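An overview of the molecular structure
One letter stands for each residue in the lines below.
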Amino acid sequence: MQFAQSDLRALTVFRAVVEHKSFLGAQITLGLSQSAVSFHIKALEDRLGYKLCRRGRAGFELTDRGAIVHAKSKALFLALNAFESEIGTLKNRITGTLRLGLVDNTITDADLPIHRIIARISDKAPEARLELVIDSPDALLAEIANGGLDIAILPETEPYQGLKLSRLRDEMHSLYCAKGHPLFTADDADISVQRVEGFDFVVRPYANMRELQYFPGARAKASASNMEAQAMFVMSGRYLGYLPDHYVADWVQKGILRALLPKEGRINSPFIIATRLSERPSTILDFFIRELAGLASETLHRKKPLIGK
C-alpha cells in the first residue's frame, strides 16, 4: 500500500478519534462535521481492508488491528515531523509541530509563564505549530514514551526507561482547609501536628503519599486525580489537602481557604522536563527548551536577593 495525502489526512482523523475516545471529540478538535469524520474513518478502513474501531451503545472501542495501526501511526507522524523540521532548518526557519504536555493548574504560576513562550513561538516561528495537552503525570510520561508528546513539564517522578528527565524548578505547596472546617477558625497556638492528624486528608495518588510526610498518623480518606479535584475536596470544608500556593492565593486573600502550619508543614514539589532520550531535538523543540531555560534564569535572577539587602 502506497500512502497518498488523503491517507495521511484520514490517519490524522483516526488518531484524533482514538485520542479523544470518541468521534465527537475529533469533530471538535479538527473542526469537522460528524459525517466528515465518519467518511475519513471509513475511507481508511477501506484502504487497509479491515475494521479499525467500533462504536455503539457501549461507546468507542478499537479493534486489535486498530490498536496496532494507531501505535504504528505515532512513529510515522514522528518521522514526518522530524522531516518537516529538518527541511525548515535548511531554510533557517523554525518549523514542525511541538506537542507539549502539562499538569493541570499551572496557569497561575508566575514562575512558569508558558503563555509567554507561546507568544514567542507565534512571533518568532509562525510556521511552527504547537499542541498543548493537560493530563496527569503518569499519562504524560506514557505519551512521551510512546511518541504522543515531544516534551512534558510535570512533578518529579521515578526514572523512566528511554526518557531524559531534567530538573526545572520547585513549586511550594501548603496544607489548606476551607470555611466550615473546624480548624479554619482555630487559633494558631491550638493547631499542632497531632491535632491536624485527627482530620481526614485528600491526596493525589501520583504524589506517592509525600503529602503526608509531616503527618504520619493522618488518614488519607479521599483521593483526587488532579489539583482541581483536590481543591474541590478541600473547599467542601470536610478535608485537609495540599495545594500549590500560587494556585490558591486568590481564595486565601478572599478568606475562603487558610494555610495550616505554614512554616513547618510546607512541602516542596520539584518539577522536571521530560523528553525522549533517543531523539535529536527538532528545531521547534530546541527553541522551546531554550525559551524555557531563559524563563528559569529570569525567575532565579528576580528572586535572588540584592547584595547588602
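Conventions used here
Residues numbered from 1 in each chain as written. Predicted model: local features only at pLDDT ≥ 70, side-chain atom pairs only at ≥ 80, totals over all residues. Heavy atoms only, no water. Phe/Tyr/Trp six-rings, centres within 6.5 Å; stacked < 30°, edge-to-face > 60°. Helix = DSSP H or I, 4+ residues; strand = E, 2+ residues; numbered from the N terminus. Salt bridge = Lys/Arg side-chain N within 4 Å of Asp/Glu carboxyl O. Buried < 20%, exposed > 50% of the residue type's maximum accessible area, 1.4 Å probe, protein only. 1 Å grid on protein atoms, 1.4 Å probe; cavity = no way out; pocket = protein on both sides within 12 Å on 5 of 7 lines; lining within 4 Å. Points joined across faces, edges and corners; volume = space filled by probe spheres on them. Nonpolar A, V, L, I, M, F, W, Y, C, P; charged D, E, K, R; others polar. Core = buried A, V, L, I, M, F, W, Y, C linked by side-chain atoms within 4.5 Å. Contact = heavy atoms within 4.5 Å. pLDDT = per-residue confidence, 0-100. Axes fitted to C-alpha atoms, helices over the stretch in contact; angles between N-to-C directions. Left-handed = near helix turned anticlockwise from the far one by under 90°. Pairing = 2+ DSSP bridges.

Moving on, we get to the packing of aromatic side chains. Aromatic rings considered in pairs are described by the distance between their centres and by the relative angle of their planes. Here the structure, examined in full by the defined rule, presents three aromatic pairs. Ring geometry for F201 against F215: centres 5.6 Å apart, planes inclined by 45°, an arrangement best described as tilted. With a gap of 14 residues between them, F201 in strand β7 (residues 200–203) and F215 in the loop between β7 and β8 (219–223) connect regions that are remote in the sequence. Summarising the aromatic geometry, the rings of Y247 and W251 are spaced 5.4 Å apart at their centres and angled 75° between planes, so their arrangement reads as edge-to-face. Of the two residues, Y247 and W251 are both situated in helix α9 (residues 245–253); the distance of four residues between them amounts to about one turn of the helix.

Here the idea is simple: oppositely charged side chains can pair when their charged atoms come close. For the coordinates displayed, the defined rule picks out 19 salt bridges. For D46, the salt bridge is made with K42, and the minimal N-O distance between the two is 3.0 Å. Here K42 and D46 lie together in helix α3 (residues 34–48), a separation of four residues that amounts to about one turn. Here D250 makes a salt bridge to K254, at a shortest N to O gap of 3.1 Å. Since its relative accessible area comes to 56%, K254 is described here as exposed. Linked by salt bridges that have partners in common, R99, D150 and R276 make up one network.

This brings us to empty space enclosed by the protein. If you walk through the whole model with that rule in mind, you get one cavity of 30 Å³ or more. V103, D104, E171, M227 and F271 are the residues nearest the centre of the largest cavity, which is lined by 13 residues in total. Those elements giving two or more residues to the lining of the largest cavity turn out to be β6 (163–178) and β11 (267–276). Along the lines of polarity and charge, the residues of the lining of the largest cavity split into six nonpolar, four polar and three charged.

Taken as a whole, the largest pocket spans an internal volume of roughly 1,200 Å³. Forming the boundary of the largest pocket are 32 residues, of which R15, E19, R99, E131 and G148 lie nearest the centre. For the lining of the largest pocket, the secondary structure elements donating two or more residues are α1 (5–20), α2 (23–30), α4 (64–90), β3 (97–102), β4 (129–134) and α6 (137–146). With eight residues, α1 is the largest single contributor of residues to the lining of the largest pocket. Residue composition of the lining of the largest pocket, grouped by class: 14 nonpolar, seven polar and eleven charged.

Formed by 30 residues in total, the largest nonpolar core has its most connected members in I114, I153, L154, F288 and L292. The set of elements that each furnish at least two residues to this core consists of β3, α5 (114–124), α6, β5 (151–155), β6, β11 and α10 (283–303). When residues no more than four places from it in sequence are discounted, the contact partners of I114 are L100, L102, I153, F288 and L292. Formed by 18 residues, the second largest nonpolar core is a distinct cluster that contains L175, L183, V196 and L260.

Within the chain, residue pLDDT values average 85, and 89% of them lie at 70 or more. Note on residues 304–309: pLDDT is under 50 here. Beyond four places in sequence and across chains, it has zero contacts.

Contact geometry for α1 and α3: axes closest at 9 Å, N-to-C directions at 115°. The chirality of how α1 crosses α3 is left-handed. Contacts between α1 and α3 involve D7, R9, A10, L11, V13, F14 and V17 from the first element and V37, H40, I41, L44 and R47 from the second. Residue classes in the contact of α1 with α3 are distributed as eight nonpolar, one polar and three charged.

In this section: the pairing of strand β9 (residues 241–244). Side-chain alternation along β9 places G241 and L243 on one buried face and Y242 and P244 on a second face that is also buried. Looking at chain direction, β6 and β9 are connected through four bridges and run antiparallel. Its bridge partner lying in β9, H173 is registered against P244.

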